[in-house]
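Fold and geometry: a report
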Amino acid sequence: MKKLLILGSGCGGTMIAAKMRKLLAEKEWDITIIDRDPMHHYQPGWLFVPFGIYTPGDCVKPKAEFIPKGVNFVLDTITNIDPKNKVVTTKEGKYDYDWIVIGTGARVVPEEVEGMMDDWRGDIHDFYTPDGAAALMPKLHDFTKGKLILNIAETPYKCPVAPLEFLYMADDFFKKRGVRDNIELELVTPLTGAFTKSVANRILGGLCKEKGINIVPNFVLDSVDTKNKALVNVMGEEINYDLLVSIPPNFGQQVLEDSGIGDAMCFVPTDNHTLKAEEHENMYVIGDATNVPTSKAGSVAHFECDIICENLFSEINGGEPHHKFDGHSNCFIVTSLEKASLIDFNYETEPLPGKFPLPGVGPFDLLGDTRMNYYGKQMFRWVYYNLMLKGHELPFEPNMYMAGKIDVRKNK
């Protein structure tokens with residue numbers, strides 16, 4: 001019996017298991033997923049928790065609901081990965097493999113920023129964890145006057161548009177409560193603007209200007225002075241806050257670096273196109289665990305999953321990993337409590353205005369600000385739980401068009 005081992009049962013690992021179980025005969029292949037957490041978190045939902053739109057419970061389901069029949073689910077903590085001998089060690093045992101897929105995700109590490117933990121969950125909060133999002137909710141509801149800063153500590157970080165979404169929603173949230181005129185909203189970022197791509201930066205940055213959200217670009221965070229409530233950059237410049245919503249540094253899992261397969265930030269060096277680990281045989285990497293230069297987001301893991309399964313199946317049958325990932329990413333961007341935008345791009349083509357076709361629903365506006373896009377954002381949670389995680393093909397695959405004219409899956 002040959003063995004496929006999947007580390008992590010988040011978005012990427014779960015989809016890999018579902019698709020590979022359909023491709024590999026059960027009599028010939030054993031498929032096992034190892035994860036330390038029995039609950040699956042719908043991470044895009046955490047953004048809505050501070051505003052009272054979702055509850056933490058709306059974003060959590062048992063992982064066992066999504067593990068396909070014929071796949072072993074091991075609830076355990078991984079302590080070592082030995083790619084030379086093809087063995088993974090956990091607290092409770094050891095697992096050998098023929099092929100392995102790393103899908104261990106990313107984590108926030110606020111302790112990497114000097115001073116940040118001195119007032120963590122006091123006047124410094126995050127929404128990139130379920131506990132953080134829940135703790136921020138009462139703080140946000142009680143905030144009626146002062147300066148709220150959303151700070152991105154460094155790149156990369158999960159869901160690059162989430163900081164903008166939070167500020168857009170906060171603007172509308174405070175307006176509806178009648179206190180917006182008493183509150184300053186500011187994005188403090190190491191990026192050169194609201195977004196990394198020029199056209200999207202102009203449009204999304206323009207939306208910030210319309211909403212009275214100030215942007216402080218090129219601010220490389222060094223430390224937080226909690227006594228004086230100030231962010232301090234590497235040049236010694238300070239920006240004061242009353243309430244700080246932080247996107248702390250994002251790292252991969254520590255076990256990856258400890259096992260010698262992760263870089264200094266605990267991400268696995270991964271081929272940008274084949275999605276194979278660059279330095280280790282019989283290993284693929286998916287989602288936030290990779291270091292590929294595209295968004296760390298669920299949509300990316302979804303598109304990567306197709307490529308990995310095709311390449312893995314090809315190699316298992318003696319072929320080559322000739323299917324190429326093009327960096328495809330798309331994301332709805334909530335622009336208020338009622339509207340949203342949409343971006344779609346890859347390694348070479350930046351987000352552009354246009355139309356995004358979806359059979360049976362109608363086209364969404366790319367880089368548009370519409371109610372239809374907001375409904376799409378909310379509909380995605382159902383799609384995620386009922387289609388994506390279970391390995392079903394989505395109705396808009398494989399013909400996805402960037403800006404209504406460019407086939408971003410042309411390399412599939």
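This section reports on the structure supplied with the text. (Residues numbered from 1 in each chain as written. Predicted model: local features only at pLDDT ≥ 70, side-chain atom pairs only at ≥ 80, totals over all residues. Heavy atoms only, no water.)

A separate point is the environment of cysteine 305. With respect to the element layout, cysteine 305 can be found in helix H6 (residues 298–316). Through-space distance from the C-alpha of cysteine 305 to that of glycine 212 is 40 Å; in sequence the pair is 93 residues apart. Contacts of cysteine 305, omitting those with residues within four sequence positions, involve Met15, Ile16, Lys19 and Ile286. (Helix = DSSP H or I, 4+ residues; strand = E, 2+ residues; numbered from the N terminus. Contact = heavy atoms within 4.5 Å.)

The next subject is the packing of helix H1 (residues 11–23) against H6. The N-to-C vectors of H1 and H6 enclose an angle of 35°; their axes lie 9 Å apart at closest approach. At the point where H1 passes H6, the crossing takes the right-handed sense. Between H1 and H6, the residues in contact are Cys11, Gly12, Met15, Ile16, Lys19, Met20 and Leu23 and Gly298, Ala301, His302, Cys305, Asp306, Ile308, Cys309, Leu312 and Phe313, respectively. A breakdown of the residues in the contact of H1 with H6 according to their chemical character gives eleven nonpolar, three polar and two charged. (Axes fitted to C-alpha atoms, helices over the stretch in contact; angles between N-to-C directions. Left-handed = near helix turned anticlockwise from the far one by under 90°. Nonpolar A, V, L, I, M, F, W, Y, C, P; charged D, E, K, R; others polar.)

Our focus in this paragraph is the pairing of strand E22 (residues 340–345). Along E22, six of the six residues are buried, which leaves the element largely enclosed by surrounding structure. In this sheet, E22 lies alongside strand E21 (residues 329–334) in antiparallel orientation, the contact comprising six bridges. What sits directly across from phenylalanine 332, in E22, is leucine 342. The turn joining E21 and E22, which pair antiparallel and follow one another in sequence, is formed by five residues. (Buried < 20%, exposed > 50% of the residue type's maximum accessible area, 1.4 Å probe, protein only. Pairing = 2+ DSSP bridges.)

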